[in-house]
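If you want the building blocks of each chain, they are given just below.
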Amino acid sequence: MLRQRAAMATYEYRCQRDGSFDTILPIGTAGMSTHCPSCGGRAVRVFSTPGLVRTPTALRQAVDRAERSAETPDVVSRVPGGRPVRRSRHPAHARLPRW
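Here's a quick rundown of the structure. (Residues numbered from 1 in each chain as written. Predicted model: local features only at pLDDT ≥ 70, side-chain atom pairs only at ≥ 80, totals over all residues. Heavy atoms only, no water.)

Points about the overall build of the protein chain
Working step 1: A tally of regular secondary structure across the protein chain gives one helix and four strands.
Working step 2: Counted from the first residue to the last, the protein chain has its helices and strands arranged as β-β-β-β-α.
Working step 3: In terms of overall size, the protein chain is more extended than a compact globule, its C-alpha atoms giving a radius of gyration of 28 Å where 99 residues would be expected to give roughly 13 Å.
Working step 4: Structurally, the protein chain occupies a C-alpha span of about 85 × 50 × 20 Å along its principal axes.
Working step 5: A buried classification covers 9% of the 99 residues belonging to the protein chain.
Working step 6: For the protein chain, restricting intrachain contacts to residue pairs at least 6 apart in sequence, the fraction spanning at least 24 positions comes to 19%.
Working step 7: Accessible area of the protein chain: about 9800 Å², with a carbon and sulfur share of 54%. (Helix = DSSP H or I, 4+ residues; strand = E, 2+ residues; numbered from the N terminus. Rg over C-alpha atoms; globule rule 2.2 N^0.38 Å. Buried < 20%, exposed > 50% of the residue type's maximum accessible area, 1.4 Å probe, protein only. Contact = heavy atoms within 4.5 Å. Areas by Shrake-Rupley, 256 points an atom, 1.4 Å probe, with all protein chains shown as cover.)

Quick look at the structure:
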């Protein structure tokens, strides 16, 4: 018989005396308060941003580029990427509409 593992998450708590600390618990089991591991006093849960340590490299680089370009956008002289446009030398093609 296979046992399922509970997914774990890191929860942040703050003790008034000792400050913040992290606790790893199964997802959905964290209470609004717990005991401080240093003094044993009451520590309340702090809701913070999740740690995104497993962001794929390509996504992280794209986000970094987007953040940098918000303040100082890159100036380009042509559309990046793609292959060069092939121009026909046939005289009738020159009269075709361009869009």
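Now that the structure is up, let's keep going.
What about the sheet that holds strand β1 (residues 8–15)?
Working step 1: Spatially, β2-β1-β4-β3 is the arrangement adopted by the four strands of the open sheet, whose pairing is antiparallel. Two strands in the sheet have a free side with no partner beyond their single neighbour: β2 (19–26) and β3 (33–35). Averaged over all neighbouring strand pairs, the angle between strand axes comes to 40°, with direction disregarded.
Working step 2: The pairing of β1 with β2 spans eight bridges and is antiparallel. Within β2, the residue paired with Thr10 across the bridge is Ile24. (Pairing = 2+ DSSP bridges. Axes fitted to C-alpha atoms, helices over the stretch in contact; angles between N-to-C directions.)

What about the environment of Gln16?
Working step 1: Along the polypeptide, Gln16 turns up in the loop between β1 and β2.
Working step 2: Residue classification places Gln16 among the exposed positions, given a relative accessible area of 83%.
Working step 3: Each C-alpha atom, one on Gln16 and one on His90, is 81 Å from the other, the two residues being 74 residues apart in sequence.

Regarding the nonpolar core
Working step 1: Judged by nonpolar contacts, Ala9, Tyr11, Tyr13, Cys15, Phe21, Ala30, Cys36 and Ala43 together constitute the single largest core of eight residues.
Working step 2: The element contributing the most residues to this core is β1, with four residues.
Working step 3: Among residues more than four places away in sequence, those in contact with Ala43 are Tyr13, Arg14, Cys15, Phe21, Met32, Ser33, Thr34 and Cys36. (Core = buried A, V, L, I, M, F, W, Y, C linked by side-chain atoms within 4.5 Å.)

Geometry only, nothing functional implied.
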